[in-house]
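Residues per chain, in single letters:
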Amino acid sequence: MTTTLDVDKLEREVKAVYRDVAETPDDEFHFEMGRPLAERLGYPADDLDRVPKAAIDSFAGVGYHFDLADLREGDDVLDLGSGSGMDAFVAALHVGEIGSVTGLDMTDEQLANARRLRDEAGVETVSFEKGYIEDLPFDDGAFDAVVSNGVINLSAEKDRVFDEVSRVLRPDGRLALSDIISEARMPEGIKTDADLWAACIGGAEQVDDYATMIETPGFEIVEFRDNAQYEFTSDQAQGACQKYGVKSVSLSARREKR
């Protein structure tokens, strides 16, 4: 009998994890969070000093990619899976007052937190919208750049994610992300386990397959690098790292002109 991933269970578990991140960031999770993590991944201290502290406290990214994103003053930027809002606030520093940043997340508690922090900080160029990264609620060609941090591995339909990213980008638009991938293809027993997906293991796509998913809708990968400074904390993740080469990477890609 063929076993398939229970996508509804996966969504419930992911929402539950990140609801807890939003509400109780000081609790123990299967991943690191906070400013020490952000600085180790490469976020400049000067940038972190200029964004809301509470957004940094709930930051749970897996890499740094703003040096790859080529964000410019006036850009319109979309952050997939914006969570606490930290990356959206960092992006706002790069695009200035004439640019805009839109964060997208499916978890109500994360959205409420991010919107509250935005309002308290008076950041008028950032908005946070509810939605799914596989079905973006935006018009074609709405953005100059799309960023994402540790989120796409949680999607059961990554090919749809990259199709949608291509759709909402303008000609010659840029994609920059950090994510979890694997060097070897993992067995179905792992790939169909919603618990392991929610733990950022089961959804780690094999690196060549991941690259193909990005390139199929018309992206050219510009740079691809490992993030050795990212550390897996759970026993499950450390075991998968050793056995299947599960790791963090950052990359940039450019949408080919059509």
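Below: a short report on this structure. Treat the numbers as computed from the prediction; the structure is a model and nothing was measured.

One can find Thr-107 in the loop between strand 2 (100-105) and helix 7 (108-121). You can call Thr-107 buried: its relative accessible area is 3%. Through-space distance from the C-alpha of Thr-107 to that of Lys-130 is 7.5 Å; in sequence the pair is 23 residues apart.

Not every positive phi belongs to a glycine, and Asp-70 is a case in point at roughly 55 degrees. Checked against the element boundaries, Asp-70 lands in the loop between helix 5 (66-69) and strand 1 (76-80). Even without being glycine, Asp-172 reaches a positive phi, approximately 65 degrees. Along the chain, Asp-172 turns up in strand 5 (residues 169-182).

In this section: the packing of helix 8 (residues 158-168) against helix 11 (residues 207-215). One can describe the packing of helix 8 onto helix 11 by two numbers: an axis separation of 8 Å at closest approach and a directional angle of 35 degrees. Of the two elements, helix 8 crosses helix 11, and the hand of that crossing is right-handed. In contact with Lys-158, Asp-159 and Phe-162 of helix 8, helix 11 contributes Tyr-210, Met-213 and Ile-214. Split into classes, the residues belonging to the contact of helix 8 with helix 11 amount to 4 nonpolar, no polar and 2 charged.

Attention now goes to helix 6 (residues 86-95). Within helix 6, 8 of the 10 residues are buried, leaving the element largely enclosed by the surrounding structure. Every buried residue belonging to helix 6 is among Met-86, Asp-87, Ala-88, Phe-89, Val-90, Ala-91, Ala-92 and Val-95, and all of these are buried. The first or second residue beyond helix 6 is Gly-96, which carries a positive phi of 75 degrees.

Another aspect to go through is the environment of Asp-87. With respect to the element layout, Asp-87 can be found in helix 6. Considered as a pair, Asp-87 and Val-101 are 14 residues apart in the sequence and their alpha carbons are 9.6 Å apart. Setting aside residues up to four positions removed in sequence, Asp-87 forms contacts with Tyr-43, Phe-59, His-65, Phe-66, Asp-79 and Asn-149.

For the rest of this paragraph, the subject is the nonpolar core. Tyr-43, Phe-66, Leu-71, Val-77, Met-86, Val-101 and Val-246 are the most contacted members of the largest nonpolar core, which has 41 residues in total. Tallying contributions element by element places helix 6 first for this core, with 7 residues. Not counting chain neighbours up to four residues away, the residues in contact with Tyr-43 comprise Ala-38, Leu-48, Phe-59, Gly-63, Tyr-64, Phe-66, Met-86, Asp-87, Val-90 and Asn-149. Counting residues in each nonpolar core, the second largest holds 24 residues, with Leu-80, Leu-136, Tyr-210 and Ala-253 among its members.

Rules and cut-offs
- Residues numbered from 1 in each chain as written.
- Predicted model: local features only at pLDDT ≥ 70, side-chain atom pairs only at ≥ 80, totals over all residues.
- Heavy atoms only, no water.
- Helix = DSSP H or I, 4+ residues; strand = E, 2+ residues; numbered from the N terminus.
- Buried < 20%, exposed > 50% of the residue type's maximum accessible area, 1.4 Å probe, protein only.
- Axes fitted to C-alpha atoms, helices over the stretch in contact; angles between N-to-C directions.
- Left-handed = near helix turned anticlockwise from the far one by under 90°.
- Contact = heavy atoms within 4.5 Å.
- Nonpolar A, V, L, I, M, F, W, Y, C, P; charged D, E, K, R; others polar.
- Core = buried A, V, L, I, M, F, W, Y, C linked by side-chain atoms within 4.5 Å.

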